[in-house]
Amino acid sequence: MKAEELGNEEVTCSDRISDLPDDLLFRILSLVLVRMAMSTSSLSKRWNYVRKMMPTLMYDETCPYNGSLGFDQFCVMSLSLHEAPVLKTLYIKLTNQYDSIDTLLFPNIRSTLLKIKITLSSRYHSPIRFPNNLNVFKTLLVLKLHGNFVLSFVDSPVCFPSLKRLQLTCVNFRCEKSFEGILSACPALEDLILHRLCGLGRFLYSISSPSLQRLSITTLDVSVHLWKIKNLRKVLSSLERLSIRLYPAIILDLTDSLIFNRLLHLELCYSFYSNLLLGLLKYFPNLRSLKLVQPYLTVNEDQLYCLVSVPECLSFHLENLQWSGYGGTLNEREAAVYILKNAHFLKTATISLQKTSMDNGQIMMKDLRSISKASVSCQLVIEL
């Protein structure tokens, strides 16, 4: 009798996972690729429903597949079967070149799409044209493209009226108007992240986006004259957060008429004299957080920057300092001394030593701790 009861209990409880609420099943299936999620539809009608209503879809061309459809055809087929009213995230990882992957995919999305990320690891260019205005583009909030894509927006009528965040990494543009075109197509853009952009010709990137609040720029593989700051003045003056890699010419050509009153958080990646940065601080009077990133040691430290007065941000506002790649050179030490001695409201100062300087790590730690600080409540943290 007990054996029979045990057997019945096993039969009754064999599909406990199907008794889980939809939200939890959605979360589970969102962690696997679409091909695997679709295979669960054969379990029961309940699983078939769950598969069609998933809020996150992940496609990966590197994942082995035994079906008869090609990767692009499979994407088209599965997207056309998707019935969720809201598709929070669509992630697509490509390894091969495609001439029209975007025109195949986007028209088949019937859900309200909020975020899309497409990566391409092929060494060959794949164009993304974005088909004529589709409903799917009207609700998109986040767009991330990473890889050897070629964007062309010269004659495209596409518009992303709701897009808040645009991230482009290793993306190519056919011409200057293509870059300007994608920005003009995003009237509500707040976050713009540009990493290692490439141009198929030599041209300048002109950034004009009145709604922009945060801008992050790393090395561009074309001739980008950032020191011609007039092209950036309007957008930069409205930012509260800025992350950028600087070159000496940018600082030396700045004028006192350019003051960033709204900027509160600044991250600078630099590879030149540390004390030049001190002269830069006067342009950010309300700065609260400063992060300095130095990728390698500087040389030829014979140029010193003379400050006439203490920057306002040091005297009244700076609360947090992060310094990554501190090498302990004379230039860097003078900059560190100046900041610590004049930052009256500094709460934390975290200094990470450069790896190439580890042999003298203990000496540098002792030296940094000996520097007097204007803020008695400042906590100094030194990381090896």
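Every chain's residues receive numbers from 1 upward, in the order its sequence appears when written. Residue-level local features of this predicted model are given only where pLDDT is at least 70; pairs of side-chain atoms are given and counted only at 80 or more, and the full residue set underlies all totals for whole chains, interfaces and linings. Excluded from the side-chain calculation are hydrogens and water; included are all heavy atoms of the structure.

An unreviewed UniProt entry annotates the protein chain as F-box domain-containing protein originating from Brassica oleracea var. oleracea.

Points about the confidence of the model for the protein chain
Detail in the predicted coordinates should be disregarded across regions flagged by low pLDDT. For the protein chain, the mean per-residue pLDDT works out to 79, and 76% of the residues sit at or above 70. Per residue, pLDDT measures the predictor's confidence, with a range of 0 to 100. The contact definition used throughout considers only heavy atoms, calling two residues in contact when any of these lie within 4.5 Å. The model gives residues 1-13 a pLDDT under 50, and that stretch makes zero contacts with residues more than four places away or in other chains. In this model residues 297-305 is a low-confidence stretch, pLDDT under 50, and it forms 26 contacts with partners more than four residues away in sequence or in other chains.

Quick look at the side chain of N342
Only DSSP runs of H or I with at least four residues qualify as helices, and only runs of E with at least two residues qualify as strands; both kinds are numbered from the N terminus onward. Topologically, N342 is positioned in helix α13 (residues 330-342). Setting aside residues up to four positions removed in sequence, N342 forms contacts with V310, L314, S315 and A374.

As for the pattern of salt bridges
Just to be clear on terms, a salt bridge is a Lys or Arg side-chain nitrogen sitting within 4 Å of an Asp or Glu carboxyl oxygen. Within the structure shown, the criterion is met by seven salt bridges. Ionic pairing is found between R214 and E190, a salt bridge with its closest N-O pair at 3.9 Å. Taken together, the residues R214 in strand β11 (residues 214-217) and E190 in the loop between α8 (176-184) and β9 (191-195) connect sequence positions 24 residues apart. Exposure categories follow from relative accessible area, calculated using a 1.4 Å probe and restricted to protein chains: below 20% of the type maximum is buried, above 50% is exposed, and the middle band is partly exposed. Since its relative accessible area comes to 26%, R214 is described here as partly exposed. Overall, E190 belongs to the partly exposed group, its relative accessible area being 22%. Residue D191 pairs with R214 through a salt bridge whose shortest N-O separation is 2.4 Å. Residue D191 is found in strand β9, and its partner R214 is found in strand β11; the two are separated by 23 residues along the sequence. Several salt bridges converge on common partners, so that one network encompasses K164, R165, E190, D191 and R214.

Some thoughts on the nonpolar core
Counting 99 residues, the largest nonpolar core has Y59, L90, F130, L145 and F160 as the members making the most contacts within it. Where each domain begins and ends follows an automated or database-derived domain assignment. Looking at which domains feed residues into this core, each of domain 1 (22-286) and domain 2 (287-294 + 303-383) gives three or more. Those residues in contact with L145, other than ones at most four positions away along the chain, are I118, I128, F130, L151, Q167, L168, T169 and V171. Buried Ala, Val, Leu, Ile, Met, Phe, Trp, Tyr and Cys residues form a nonpolar core when they are joined through side-chain atoms within 4.5 Å.

Brief notes about α13
Multiply 1.5 Å by the residue count of a helix minus one, and that product is the helix's expected span. Taking 1.5 Å as the rise per residue, α13 with 13 residues should run 18 Å; its terminal C-alpha atoms sit 18 Å apart, in good agreement. Restricting attention to buried positions, one finds in α13 the residues N331, E332, A335, A336, V337, I339, L340 and N342.

Quick word on the pairing of strand β12 (residues 241-245)
Note that β11 and β12 share four bridges and pair parallel. Looking at the pairing, I217 lines up with I244 of β12. Strands qualify as paired when DSSP identifies two bridges or more between them. As judged from the five bridges shared by β12 and strand β13 (residues 265-269), these two strands associate in the parallel manner. Following the sheet pairing, S243 is matched in β13 by E267.

Examining the layout of surface pockets
Estimated volume of the largest pocket: approximately 240 Å³. Along the walls of the largest pocket sit 16 residues, with R241, L242, S243, H265 and E267 positioned nearest its centre. Elements represented by at least two residues in the lining of the largest pocket include exactly β9, β11, β12, β13 and β14 (289-293). When residues of the lining of the largest pocket are assigned to domains, at least three fall in each of domain 1 (22-286) and domain 2 (287-294 + 303-383). Using only the protein atoms, space was sampled on a 1 Å grid; points where a 1.4 Å probe fits but cannot get out form cavities, open sets with protein on both sides within 12 Å along at least five of seven lines form pockets, and lining residues are those with an atom within 4 Å of a point. Grid points are joined across faces, edges and corners, and a volume is the space filled by probe spheres set on the points.

Things to note about the packing of aromatic side chains
Think of it this way: a Phe, Tyr or Trp ring, Trp meaning its six-membered ring, pairs with another when their centres are within 6.5 Å, and the plane angle makes it stacked under 30 degrees, edge-to-face over 60, tilted otherwise. Tallying each qualifying case throughout the model produces six aromatic pairs. Centroid distance F173 to F179: 5.3 Å. Interplanar angle 90 degrees. Geometry classified as edge-to-face. Of the residues examined, F173 reaches a relative accessible area of 0% and is grouped as buried. The buried category is assigned to F179, whose relative accessible area is 1%.

A word on a nonpolar patch on the surface
There is a patch of nonpolar side chains on the surface, built from I17, L24 and I28 and spanning about 220 Å² of accessible area. One can find I28 in helix α2 (residues 22-29). The partly exposed category is assigned to I28, whose relative accessible area is 36%. Residues enter a patch when their relative accessible area is above 30% and they make no salt bridge; the linking distance is 9 Å between like charges and 5 Å between nonpolar side chains (Val, Leu, Ile, Met, Phe, Trp, Tyr). Areas reported here follow the Shrake-Rupley algorithm with a probe of radius 1.4 Å; residue values treat only the protein chains shown as occluding.

Some words on the pairing of strand β7 (residues 165-169)
Among the five residues that make up β7, four are buried, leaving the element largely enclosed by the rest of the structure. When strand β5 (residues 142-147) meets β7, the two strands line up parallel, connected through five bridges. Paired with L143 across the two strands is L166, which belongs to β7.

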